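Coordinates in review
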Amino acid sequence: MKTKIRLSDISFSYGNKLIFKQINAEFAEHCITAIVGPSGQGKSTLLTIINRLWEDIPATNLHGKIEVWLNGTNGTPQDIYDSAYPADSLRRKVGMLFQTPNPLPMSIYRNVAFPLKLAGIKDRELVDHKVKTALRQAFLWKEVKDRLDDNALILSGGQQQRLCIARALIMEPEVLLLDEPTSSLDSRACKVIEELLLTLQQQCTIVMVSHYLDQVKRVADTTWQLEDGRLTRI
Amino acid sequence: MTRARLIERALLLAATVSGLSTVSIFVFMVILGLPILTAGHFSELLTGPWSPDHGVYGIRSMIVGSLTISFLSLLFAFPLSLGTSVLIAVLAPRGVALAMKRLVRFMTAIPTVVYGFVGIFLLVPIIRELFVHGSGMSILTAALLLAILISPTMILIFVDSFERVPRSYLTAVAALGGSRIDKLIHVILPCSWPGIVTGLVLALGRAMGDTMISLMVAGNSVGLPQSILDSSRTLTGHIGLIISADFDSLEFKALFACGLLLYLMTSIMVVIIRSLHFRAGVRGW
Amino acid sequence: MVMKRVKESIIVVLSWLCSLLLAGSVATIIGYLLFKGLATINLALIFGDTAPLEAIFLGRQVFNGLLPAMVGTLALVLLALIFAIPLGVAAGIYMAEYGKGRLKGWFSLFFDILASIPSIVVGLFGFSVAVFLHHNLSERIYPCLLIAALSLAFLVLPYIIRTTQVALESIPVTIRQTAPALGATKLQNISHVLLPHALSAMMSGIVLAMGRCAEDTAVIMLTGVVASAGMPRSIFAGFEALPFYIYYISAQYSDSRELASGYGAAIILLIICIMLFGLAFYIKARFELTFTARSGDKRRISQRIMKAPDRRKKSLKVNFQTEQSGQGTLL
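Residues numbered from 1 in each chain as written. Chains lettered and ligands numbered in written order. Predicted model: local features only at pLDDT ≥ 70, side-chain atom pairs only at ≥ 80, totals over all residues. Heavy atoms only, no water.

**Digging into the environment of C:D112**
For clarity, the threshold we go by: Per the convention used, a helix needs a DSSP run of H or I reaching at least four residues, while a strand needs a run of E reaching at least two, with both numbered from the N terminus. Accessible area is worked out with a 1.4 Å probe on protein chains only. A residue is then buried under 20% of its type maximum, exposed over 50%, and partly exposed in between. Throughout, a residue-residue contact means that at least one pair of heavy atoms, one from each residue, lies within 4.5 Å. Polar contacts, as counted here, are pairs of nitrogen or oxygen atoms within 3.5 Å of one another; within protein the pair requires one atom able to donate a hydrogen and one able to accept it, and residues that are adjacent in sequence qualify only if both atoms are side-chain atoms.
With respect to the element layout, C:D112 can be found in helix α5 (residues 101-116). Among the residues examined, C:D112 registers a relative accessible area of 21% and is labelled partly exposed. With 19 residues separating them along the chain, C:D112 and C:I93 place their C-alpha atoms 16 Å apart. The contacts of C:D112, once residues within four sequence positions are left out, are B:V270, B:R274 and C:R162. At 2.8 Å, the side chain of C:D112 forms a polar contact with the side chain of C:R162.

**Overview of the nonpolar core**
The condition is simple: Nonpolar cores were defined as sets of buried Ala, Val, Leu, Ile, Met, Phe, Trp, Tyr and Cys residues, with membership established by side-chain atoms within 4.5 Å.
Judged by nonpolar contacts, the single largest core of 231 residues is most densely connected at A:L135, A:L148, B:F117, C:L33 and C:I220. What B:F117 contacts, discounting residues up to four positions off in sequence, is B:M216, C:L33, C:I246, C:I249, C:S250, C:L259, C:G262, C:Y263 and C:A266. Among the nonpolar cores identified, the runner-up in size contains 34 residues, and A:I10, A:I23, A:A25 and A:L46 belong to it.

**Regarding the side chain of A:E180**
All names here are of chain A. Rules: The positive count covers Lys and Arg only, the negative count covers Asp and Glu only, and His and the chain ends enter neither. Salt bridges, as used here, are contacts in which a Lys or Arg side-chain nitrogen is within 4 Å of a carboxyl oxygen on Asp or Glu.
Considering the arrangement of structural elements, one finds E180 in the loop between β7 (175-179) and α7 (187-200). Among buried charged residues, E180 stands out as having no salt bridge; its nearest opposite-charge side chain is K43, 4.5 Å away. Excluding residues that lie within four positions of it along the chain, E180 makes contacts with K43, Q99, V209, S210 and H211.

**Some points on the pattern of salt bridges**
Applying the stated criterion across every chain yields a total of 20 salt bridges over all chains. Its salt-bridge partner being A:E26, residue A:R6 comes within 3.1 Å of it at the nearest N-O pair. With A:R6 in strand β1 (residues 3-14) and A:E26 in strand β2 (residues 17-28), this pair connects stretches of sequence that are 20 residues apart. By relative accessible area, A:R6 is classed as partly exposed at 30%. Notably, a salt bridge pairs C:K104 with C:E169, separated by 3.2 Å at the nearest N-O pair. Here the residue C:K104 occupies a position in helix α5, and C:E169 occupies one in helix α7 (residues 145-169), the gap between them amounting to 65 residues. Look at C:K104 and you get partly exposed, because its relative accessible area is 22%.

**A short note on the sheet that holds β7(A)**
Residue and element names in this part refer to chain A. Note the threshold: We treat two strands as partners when DSSP finds at least two bridges between them. Here an angle of 0 to 180 degrees is reported between the N-to-C directions of two axes, which are lines fitted to C-alpha atoms, with helices fitted over the stretch in contact.
The sheet built from six strands is open, its strands ordered β6-β7-β8-β3-β9-β10 with mixed pairing. Taken across any chain shown, the strands that pair with only one partner, and hence form the sheet edges, are β6 (94-97) and β10 (230-233). Pairs of neighbouring strands in the sheet enclose a mean axial angle of 20°, with direction left out of account. In the sheet, strand β9 (residues 222-227) pairs with β10 via four bridges, with the strands oriented antiparallel. Its bridge partner being in β10, Q225 is matched across the sheet by T232. Against the sheet, α7 makes contact with β3 (32-36), β7 and β8 (205-209), and its axis sits at roughly 145° relative to β8, the strand it touches most.

Here you go:
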């Protein structure tokens, strides 16, 4: 199976506390990789070093190399910490979903279209179409198609999370990072998201943090355990 | 340079210009006040009387005036503010607390000069007839008016720090059978001492920095006040009364000494508040 | 136990007394002002002997009226804000989003000090700068509207910086990270998400700063305000202003008519300040968290999208790489 992401000798510290010690791992393409482990071990941080979101946090330090095999680069991996490689292009290819859904206080439509606006895409027909497709992919279209102008904040928790998935999908990302995406949802909403993840596997590589072992068993292809700053494959 | 970098530079420039204005005010005061600070005038400046006709430009009575008026107003305003804050944050029923809070916020919108104007025509005659002493323009008059002016500052900060006390502490006291006064005395007040000190210092700064009230109702006489019923001039009022445009006279230079003194006093208060918050942040309370 | 109950009752009573005393004082002050001054509020107070329409549209001089002072105050406030808002907002954004470490600490200290400097000292600074320029640059520079507005701008600058900074910094991390996780650059995050989010708090801070400019007397009395200048004609000339007029009347009134106009002016200034103050709170309460879609055109987008024919997925595949070139034009 083709490797999508490779972490080589990753060490990460926060203040003078070493969080990861020499982590080495490879995540396969079009697979769902789950990362499990006790809380407070830095599972979420591990995700943010794949899309460089940790860089805004003061007093942090990272050593090591992360490579991502992006589409259309003839098999040469991209070193994501290459100083010539801008973080925002990386984050368009590596989407992320947070523990609690984080729709912006705008309409449903504008939320989903927001990444396109960031990328400078103005063609209205194209934007409309992409929004529709993304909402369909996120199993949300039927529920919101009549009220795309409503404020996204009035959606239920599960709907908000699927909205965030749609918003991440609209960029057609190659990798999707999920940080306990169902932890704030009830069991029904949780089930919908799990089904959704299994279909998304077709189009992107998924790395997911979870502490529900039964959930991991249901969806993950490979599982890694993070404990004491080390990542081991189970 | 990229666009993003250019904008970051521009923002930094804006912050630098703003920061430099603070420094440049200080430098201006020092340079322009220098002739009177050097040349042997220094001790005379701080301790001498104001008597331009005799070539003596001491600002002692203005310093005394500023200090007495501001501390006296704090003396009036502190109990008033503490009592009101306790009512708002702890004792009053919801409706009353809200109304009182609105009133206090509303007070911050009243222009100083309006206080001064009403003070002249309402409070000054009352003081004059009550104490039968002088014109009624006195330290006491100014302090009373200032007390009303600075109370909202204190009350808003007090109430804010009372409300920041974690609810769990209050529940703990209640579970042990404590009354709301017990909560106040044993938890709320001890927890919010940094807020109380901050409020006090800020209010003192406002009182010391205010010009219009003392200019309008304190009488502005340059003599050293003997009692709080005497007329007096503050440092701020002294600057406000510039008449001479003779920029190079020593009389004029003395104003910069007043300005410098006010600058330093308020800066010290800022440093006190900042260090207080730093320590409170580190140590809890 | 009885002692304790007595003690508690005393505290309660004292607390109520303090509040009543404070409320009573304010009511007395406002009541006295209204009692003495309400009768003087009429058109003649503002326009004097000149007909209002002629004063406004023909620019006829107004004598014995408050119009020049009111217009002077308006000009002063607007001019001061023109200087203070861009500088203050930019510095505030720097403090919240870019500044770090020691430099940020120093800036923060300086802004705190600037905020605490008594306004009369800022006025003295403005005055001496004007005199300095008069001696060294041009004989034509005197304390004037421009100098007063610049000095006032310094007075409210730290206020605008702090409001901007706090408004930005209090945005929760979840919202702060949303746009970057979707590929936004730092600038895009600031302009598309953070600033819109902070806008209402910033606006209400700016309106409060307007109130401070309108009511301040100490700064302008050293930097160019005069008792009678007529309508402001040039930013290089002296001007009238409401708060100074009130101060001037209180010390120099010659007859009961002038005194009455002082009461009128005080009421007008009070109303202006209260309205600005109310506006600030209205903005804050009304627009909290609502840079959302306009709700008037409900279902418009839904209908548009549903009507559109489904295109095949193939045509949808647009390469992001090529579209990124347009990104620079976004800001």
